[in-house]
Amino acid sequence: MAHSLILQSLVFQESSGRYYDAMSTLCTLIGDQLTVNPVPCIEHFVADGDPYNVMQLAAEALFHTEKYRAACLVYSELRNRSTQNSGQKSEDTPSPTLRMVECHYHLGEYEKGSEILDSITFKSAQWFHLRGLLNYKQGDLKAAEENILIALQYDWRLEELEDYYGDRMPCDHSNIMDTKLYKMSPEQRLSRIHSTDVNSNTIIFVKSLGLVYEETADYILAEAYIHKALEMSLTLYGSTAAVYPIADCLQSLGDINSRKKQYSEADECYRHALNIYREIQGEKVKTFATAKCLRQLGENYVRMEQFCDAAARLREALTIYQDVTQGGDTKQISDILARLDEIENSQKRLSNHEKNSDESKSAGACITLVSGENFQYLLVKIWISIIAFYPLLYCSHQ
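These figures come from a predicted structure and were not determined experimentally.

*Asks:* I tried to follow the nonpolar core on my own but got confused; where do I start?
*Replies:* A general feature of soluble globular proteins is that nonpolar side chains tend to end up buried together. With 101 residues, the main nonpolar core has Ile42, Val74, Tyr75 and Leu117 as its most contacted residues. Apart from the residues within four sequence positions on either side, Tyr75 is in contact with Ala59, Glu60, Phe63, Pro96, Arg99, Met100 and Cys103.

Following this line, the structure appears as structure tokens:
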């Protein structure tokens, strides 16, 4: 009975997007070891029954609160149990295997994610989107665009969609390059995506295309796609909603503005995104999303040569990365440390330049002063010589 009530509470919290509340509930019931060694903890907690449902809820709570390492362990266990519990899977929840790929993607383990993704035989919209994201991170931007476009086909709400395919879900995904969808220019494609009648997947796919175009340095096109994703997010969730899709779009727009050297606009986007992340997570919660936003805000200050503000934001990001990864994401940490060293060196150079400039001005003033005094002294000596020599000259003349 107690387990049933707990499950109902967790289901309610997660269905309303309150994953941090769900995580707090689980840690209170199961213990903080849930984030370190989750599977044995859950099995011990549900010692007298099947832990599958609790594992599902715990995995989603861990995933959405960015405890990706622990979440991946639970999803792996769920995958192993899925043949015995195939009827218990929610239709709205991605498969445990896809979630494992997402965890590795967020952890920066792209090769491991690709390896697991290749093991999946059924290729859904989420499969193609993840393949596109992995392509994007591994530098294959053409393949990234193609795979994200295939994902978009599943959820696209276009006028005349059936005129292109005759069916909303084309079966032969390999023929993407033969479809009118692919042959459209990105601008034409964007004009047919409407802000109404969208779902969360459509928003994610459109934003991902914007990220691909940003990487090609086509900032105008990238900005247009991410603005469209933001517009759809505001329509779907409301203009005052504190949700990840809105914050993620704002952060991406900040990145684009910073690359375009529009630093004030970038600062505004980053700050707005950071406020939303903190509203969702709470001021004291440390997550990848917050760390990334702080880091980008710091990098933007570096470009503005506001080194003190830059160092403060980067140190905040560094602390979060060190805490949430337990030192695992060494690249992020080493990159931030390197940047902090550069800032320190820049501040020293700036300080030395200002010091040398002040000394030069002081020396110049002294030289001017000495030169003036010497000139006055010379005039006096000449005048004295004239006075002394004049009587002699007069007597000689007489």
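*Asks:* Help me understand the pattern of salt bridges, please; the structure alone is not making it clear to me.
*Replies:* Oppositely charged side chains can pair when the atoms bearing their charge come close. A complete count under the given rule lists 17 salt bridges for this structure. Close ionic contact of Arg81 with Glu77 constitutes a salt bridge, the shortest N to O distance being 2.8 Å. With a gap of 4 residues between them, Arg81 and Glu77 both fall in helix α5 (residues 68-81), about one helical turn apart. Across the pair Glu223 and Lys260 runs a salt bridge whose closest N-O atoms are separated by 2.8 Å. Taken together, the residues Glu223 in helix α14 (residues 219-237) and Lys260 in the loop between α15 (244-259) and α16 (263-281) connect sequence positions 37 residues apart. Among the charged side chains, a salt-bridge network with shared partners connects Glu43, Glu77 and Arg81.

*Asks:* Sorry, what's going on with the environment of Ser24 here?
*Replies:* Looking at the secondary structure, you find Ser24 in helix α2 (residues 19-30). The class for Ser24 is partly exposed, based on a relative accessible area of 45%. When the C-alpha atoms of Ser24 and Ala61 are compared, they prove to be 9.3 Å apart, with 37 residues separating the residues in sequence.

*Asks:* Explain the packing of aromatic side chains to me, please; I cannot follow it from the model alone.
*Replies:* Between two aromatic rings, the relevant description is the distance of the centres plus the angle of the planes. According to the stated counting rule, one finds 8 aromatic pairs in the structure shown. Judged by centre distance (5.6 Å) and plane angle (70°), the rings of Phe63 and Tyr68 are edge-to-face. When sorted by exposure, Phe63 lands in the same class as Tyr68, which is buried. Over the aromatic face of Phe63 sits the side chain of Arg99, whose NZ or CZ is 4.2 Å from the ring centroid. The ring of Trp127 has Lys123 sitting right over it, with the charged end atom 4.8 Å from the ring centre.

Reading guide: rules and limits
Residues numbered from 1 in each chain as written. Predicted model: local features only at pLDDT ≥ 70, side-chain atom pairs only at ≥ 80, totals over all residues. Heavy atoms only, no water. Core = buried A, V, L, I, M, F, W, Y, C linked by side-chain atoms within 4.5 Å. Buried < 20%, exposed > 50% of the residue type's maximum accessible area, 1.4 Å probe, protein only. Contact = heavy atoms within 4.5 Å. Salt bridge = Lys/Arg side-chain N within 4 Å of Asp/Glu carboxyl O. Helix = DSSP H or I, 4+ residues; strand = E, 2+ residues; numbered from the N terminus. Phe/Tyr/Trp six-rings, centres within 6.5 Å; stacked < 30°, edge-to-face > 60°. Lys NZ or Arg CZ within 6 Å of the ring centre and 35° of its normal.

The quantities given are spatial measurements derived from coordinates; they are silent on function.
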